[in-house]
Amino acid sequence: MEHHTKHKGDLGVLKAQVDLYEKGYMILYPQTEHAPFDLVIYKDQVFKRVQVKYRELNRKGFLEVRFRSSYSTSHGIVTKMVDKKEIDIYCIYCPQTDECYYFDPKIFHHSINLRVEAPKNNQLQNVKYARDYREVP
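The following refers to the structure shown. Remember, predicted model here, so these are calculated numbers, not experimental data. (Residues numbered from 1 in each chain as written. Predicted model: local features only at pLDDT ≥ 70, side-chain atom pairs only at ≥ 80, totals over all residues. Heavy atoms only, no water.)

### Some thoughts on the overall build of the protein
Helices and strands together make up the secondary structure of the protein, namely one helix and nine strands. The order of helices and strands in the protein, counted from the N terminus, is α-β-β-β-β-β-β-β-β-β. Taking 2.2 N^0.38 as the reference for a compact globule, 137 residues should give roughly 14 Å; the C-alpha atoms of the protein span a radius of gyration of 15 Å, in line with that estimate. Principal-axis analysis of the C-alpha atoms gives the protein an extent of 45 × 45 × 30 Å. When each of the 137 residues of the protein is scored for burial, the buried share is 36%. For the protein, the share of sequence-separated contacts (at least 6 apart) that also reach a separation of at least 24 residues comes to 50%. Here the protein has roughly 9,200 Å² of accessible surface; of this, 50% comes from carbon and sulfur atoms. Taking the average location of the 22 positive side-chain charges in the protein and that of its 18 negative ones, the two points are 7 Å from each other. (Helix = DSSP H or I, 4+ residues; strand = E, 2+ residues; numbered from the N terminus. Rg over C-alpha atoms; globule rule 2.2 N^0.38 Å. Buried < 20%, exposed > 50% of the residue type's maximum accessible area, 1.4 Å probe, protein only. Contact = heavy atoms within 4.5 Å. Areas by Shrake-Rupley, 256 points an atom, 1.4 Å probe, with all protein chains shown as cover. Lys, Arg positive; Asp, Glu negative; His and termini not counted. Charge placed at Lys NZ, Arg CZ, Asp CG, Glu CD.)

### A closer look at a nonpolar patch on the surface
There is a patch of nonpolar side chains on the surface, built from Leu11, Leu14 and Val18 and spanning about 240 Å² of accessible area. With a relative accessible area of 43%, valine 18 lands in the partly exposed category. (Patch = residues over 30% accessible without salt bridge, like charges linked within 9 Å, V, L, I, M, F, W, Y side chains within 5 Å. Salt bridge = Lys/Arg side-chain N within 4 Å of Asp/Glu carboxyl O.)

### Observations concerning the packing of aromatic side chains
Applying the stated criterion to the full structure yields seven aromatic pairs. Between tyrosine 54 and tyrosine 93, the ring centres sit 5.9 Å apart and the planes meet at 55°, which makes this aromatic pair tilted. Residue tyrosine 54 is located in strand S3 (residues 46-54), and its partner tyrosine 93 is located in strand S7 (residues 89-94); the two are separated by 39 residues in the primary sequence. Summarising the burial analysis for this pair, tyrosine 54 and tyrosine 93 share the class buried. Members of the aromatic cluster, joined through ring pairs, are Phe67, Tyr90, Phe103, Phe108 and Tyr133. (Phe/Tyr/Trp six-rings, centres within 6.5 Å; stacked < 30°, edge-to-face > 60°.)

### Examining the pairing of strand S6 (residues 76-81)
Taken residue by residue, a regular strand's side chains alternate between the two faces of the sheet. Alignment of strand S5 (residues 68-73) against S6, held across six bridges, turns out to be antiparallel. Bridge assignment links tyrosine 71 to a residue of S6, and that residue is valine 78. Hairpin connection between S5 and S6: a loop of two residues separates the two successive antiparallel strands. (Pairing = 2+ DSSP bridges.)

### Observations concerning the layout of surface pockets
Its boundaries defined by the atoms lining it, the largest pocket holds a volume of some 1,600 Å³. Lining the largest pocket are 40 residues, with Asp38, Gln51, Val52, Lys53 and Ser69 positioned closest to its centre. Going through the elements one at a time, helix H1 (4-22), S3, strand S4 (62-66), S5 and S6 are the ones with two or more residues in the lining of the largest pocket. Element by element, the count of residues in the lining of the largest pocket is highest for H1, at eight residues. Considering only residue class, the lining of the largest pocket consists of 16 nonpolar, 10 polar and 14 charged. Put simply, the second largest pocket is a space of about 190 Å³. Forming the boundary of the second largest pocket are Phe62, Phe108, Ser111, Ile112, Asn113, Leu114, Arg115, Pro119, Gln123, Asn126, Val127 and Lys128. (1 Å grid on protein atoms, 1.4 Å probe; cavity = no way out; pocket = protein on both sides within 12 Å on 5 of 7 lines; lining within 4 Å. Points joined across faces, edges and corners; volume = space filled by probe spheres on them. Nonpolar A, V, L, I, M, F, W, Y, C, P; charged D, E, K, R; others polar.)

Just distances and angles here, no functional claims.
In structure tokens, the structure reads:
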């Protein structure tokens, strides 16, 4: 039986494929699961490497994305920072909104928080609303 988080990741990639196809992109697949990206998209003579992440809303109403990956080895859990030179676009699939959000990871430092719900303190400055990241950059 597959691990539960693998199912979530597969769903995120599938939702991204449908959304990107509807946006007019040709979807290409790497022949290995060891590539640093999940998909390659092609449109208007431009290729872009896409890393897809499944993220649920946290209790504060935003999607938290850290640019690192973790995996288990015989020596324990290994965490490493994402090499942003190998990825052109991050796609975040959120099951609560059933939408995908896109951004270039190179313009952010170690993480990004995308707000789905308005902040309870009505803060407006430095808030990144998920709805503003629906298009592929």
